[in-house]
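Next come the chains, spelled out residue by residue.
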Amino acid sequence: MTFPDDLNHLIRNDEPLGPLVWLGIGGPAHYFAEPVEEAEIERLVAAAAAANLPVRILGDGSNVLVRESGVDGLVISLSAAATSGMSIDGTRMTAGAGAKLSHAVIKAVGAGLGGLEHLVGIPGSVGGAVVGNASSDGRDIGSVVHSVTVLEKDGSRRTLSQDEIGFSHRKSSMSGLIVLSVTFELESRDVESLTKRMQKLWIGRNASRPSEERRITMPFIDPDGMPTKDLIQSVGLAGLREGDVSLDSNQPHYIVAHSGATSDQCLRLIERVREQVLLQTGIDLQLNLQIW
Ligand SMILES: Cc1cc2nc3c(=O)[nH]c(=O)nc-3n(C[C@H](O)[C@H](O)[C@H](O)COP(=O)(O)OP(=O)(O)OC[C@H]3O[C@@H](n4cnc5c(N)ncnc54)[C@H](O)[C@@H]3O)c2cc1C
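The rules behind these values
- Note on numbering: residues in each chain are counted from 1, in written sequence order.
- Two thresholds apply to this predicted model, a pLDDT of at least 70 for residue-level local features and 80 or more for giving and counting side-chain atom pairs, whereas whole-chain, interface and lining totals are computed over all residues.
- Calculated side-chain values reflect all of the structure's heavy atoms, with hydrogen atoms and water omitted.
- Angles here are taken between N-to-C directions and fall from 0 to 180 degrees, while the axes themselves are lines fitted to C-alpha atoms, restricted in helices to the stretch in contact.
- The numbering of helices and of strands both runs from the N terminus, where a helix is a DSSP run of H or I of at least 4 residues and a strand a run of E of at least 2.
- Comment on the angle field: the value is read as roughly parallel under 35 degrees, roughly antiparallel over 145, roughly perpendicular from 65 to 115, and oblique elsewhere.
- Residue contacts are counted whenever heavy atoms from the two residues lie within 4.5 Å of one another.
- Gly is put with the polar residues, along with every residue not named as nonpolar or charged; the nonpolar set is Ala, Val, Leu, Ile, Met, Phe, Trp, Tyr, Cys and Pro, and the charged set is Asp, Glu, Lys and Arg.
- Pairing between two strands requires that DSSP report at least two bridges joining them.
- Neighbouring residues are identified by heavy atoms, a residue being near a molecule or strand if any of them is within 4 Å of it.
- Throughout this description, a polar contact denotes any pair of N or O atoms lying within 3.5 Å of each other; where both atoms belong to protein, one of them has to be capable of donating a hydrogen while the other can accept it, and for residues adjacent in sequence the pair is counted only when both atoms sit in side chains.
- Residue-level accessible areas treat just the shown protein chains as cover; the underlying method is Shrake-Rupley with a 1.4 Å probe.
- Exposure is judged per residue with a 1.4 Å probe applied to protein chains only, and the accessible area is read against the type maximum: over 50% gives exposed, under 20% gives buried, and values in between give partly exposed.

Here we take up the packing of helix α2 (residues 101–110) against helix α5 (residues 191–207). In contact at an axis separation of 8 Å, α2 and α5 are set at 150° when each is read in the N-to-C sense. With respect to α5, the element α2 is oriented roughly antiparallel. Taken together, the residues of α5 that come into contact with α2 (itself represented by Val-105, Ile-106, Val-109 and Gly-110) are Val-191, Leu-194, Thr-195 and Met-198. Residue classes in the contact of α2 with α5 are distributed as six nonpolar, two polar and no charged.

Put into structure tokens, the structure is as follows:
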């Protein structure tokens with residue numbers, strides 16, 4: 001496809017996606033763009049729609065596994081500053097979809113606004129967190145979302161209220177839409193106690209992670225009643241290896257991609273875990289990880 005002349009400077013062909021995702025593996029995007037202005041995102045999406053080219057949005061890449069064959073369409077990265085702004089008005093905080101979730105948490109806590117602090121330490125962007133309804137400590141991010149501004153597939157904008165979005169466990173009804181910004185409705189609280197709570201949660205989260213800082217993913221959604229970690233441990237799969245990809249031995253709900261890892265190995269490991277867990281417990285583990 002050819003993009004309009006005034007967008008061509010944004011497009012990179014066959015851009016490797018491995019370096020842009022946490023697992024560090026996977027093939028290229030046929031077309032890749034990192035727009036620096038919101039208006040460019042709208043025009044890119046409209047141009048792709050007119051040419052019937054599929055579009056995928058990349059946040060921080062902490063929940064994506066890219067296949068070896070890569071992505072046959074346009075990948076738009078929201079890492080530029082234009083999509084990362086944050087502002088506070090009373091108890092409402094608005095954050096661009098590309099803002100890091102950790103920055104949004106810190107900003108809210110620093111302003112004495114409670115409701116996001118339990119999400120401290122979850123990697124990713126605000127957009128990725130809201131689309132996937134990220135959760136921790138039994139509370140999900142959707143519960144404090146006031147509204148979300150999205151782009152439709154044709155590049156037109158719409159603002160959705162919390163009710164219209166339909167959040168459920170680790171899901172929202174926004175797949176296919178592009179999140180541009182999110183407004184949270186938070187609660188006025190004491191900064192010092194919020195900070196203490198956040199720090200405590202942060203220490204707990206760090207202690208329950210594999211030692212590798214990157215090249216890890218948490219692929220499964222906890223089924224009702226039992227954390228995936230305990231489930232995998234109970235069926236004796238901790239440390240299970242497939243080529244250069246393994247389940248962590250102490251925190252087996254994490255997959256670690258070692259040097260030489262491939263996406264195919266990762267997919268095979270996920271299938272082996274799902275098969276064994278189903279066979280031994282009757283539980284069909286669902287994927288949180290998005291496979292591109
Ligand atoms: C070490 C580790 C710990 C984790 N712990 C938790 C946890 O405790 N709780 C939890 O819920 N998750 C957890 N996750 C999963 C992950 O961090 C979350 O799913 C996170 O919210 C993904 O955000 P992201 O920006 O990295 O999304 P990406 O990986 O970039 O994208 C994920 C999906 O969201 C879509 N997407 C991203 N941004 C947008 C947008 N603006 N508009 C439309 N679609 C978009 C992408 O197209 C893709 O389908 C963990 C992951 C890791 C690696």
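Picking up after the structure, the text goes on.
Here we take up the sheet that holds strand β15 (residues 216–217). Taken in spatial order, the four strands make up an open sheet running β15-β19-β18-β17, and their pairing is antiparallel. Two strands bound the open sheet, and with one partner strand each, they are β15 and β17 (241–242). Where β17 and strand β18 (residues 245–247) come together, two bridges link them in antiparallel fashion. Directly across from Arg-241, in β18, lies its bridge partner Ser-246.

This part is about the site of the ligand. Among the 33 residues in the neighbourhood of the ligand, the closest are listed as Ile-57, Gly-59, Ser-62, Asn-63 and Ser-125. Here a nitrogen atom of the ligand sits 3.4 Å away from a polar atom, N or O, in the main chain of Gly-128. Between Ser-135 and the ligand, the recorded distance is 2.8 Å, taken from a backbone N or O atom to a nitrogen atom. Coverage of the ligand by the protein chains reaches 94% of its 970 Å² of free accessible surface.

Next up on the list: the sheet that holds strand β1 (residues 11–16). Whether parallel or antiparallel, the strands of a sheet pair through hydrogen bonds between backbone atoms. In space, the four strands of this open sheet follow the order β1-β2-β5-β3, with mixed pairing throughout. Edge positions in the open sheet fall to β1 and β3 (55–58), since each of these has one partner strand only. Between one strand axis and the next, the sheet turns through 35° on average, direction left out of account. Lying over the sheet, helix α1 (residues 38–50) contacts β1, β2 (28–33), β3 and β5 (71–77), oriented at roughly 165° with respect to β5.

A separate point is the side chain of Glu-242. You can see Glu-242 is positioned in strand β17. On the basis of relative accessible area, Glu-242 is assigned to the buried category, the value being 15%. Within the local environment of Glu-242, its side chain forms a polar contact with the side chain of Arg-268, the two groups lying 2.9 Å apart. Side chain to side chain, Glu-242 and Arg-272 meet in a polar contact 2.8 Å long. Once residues within four sequence positions are removed from consideration, Glu-242 is found in contact with Gln-265, Arg-268, Leu-269 and Arg-272.

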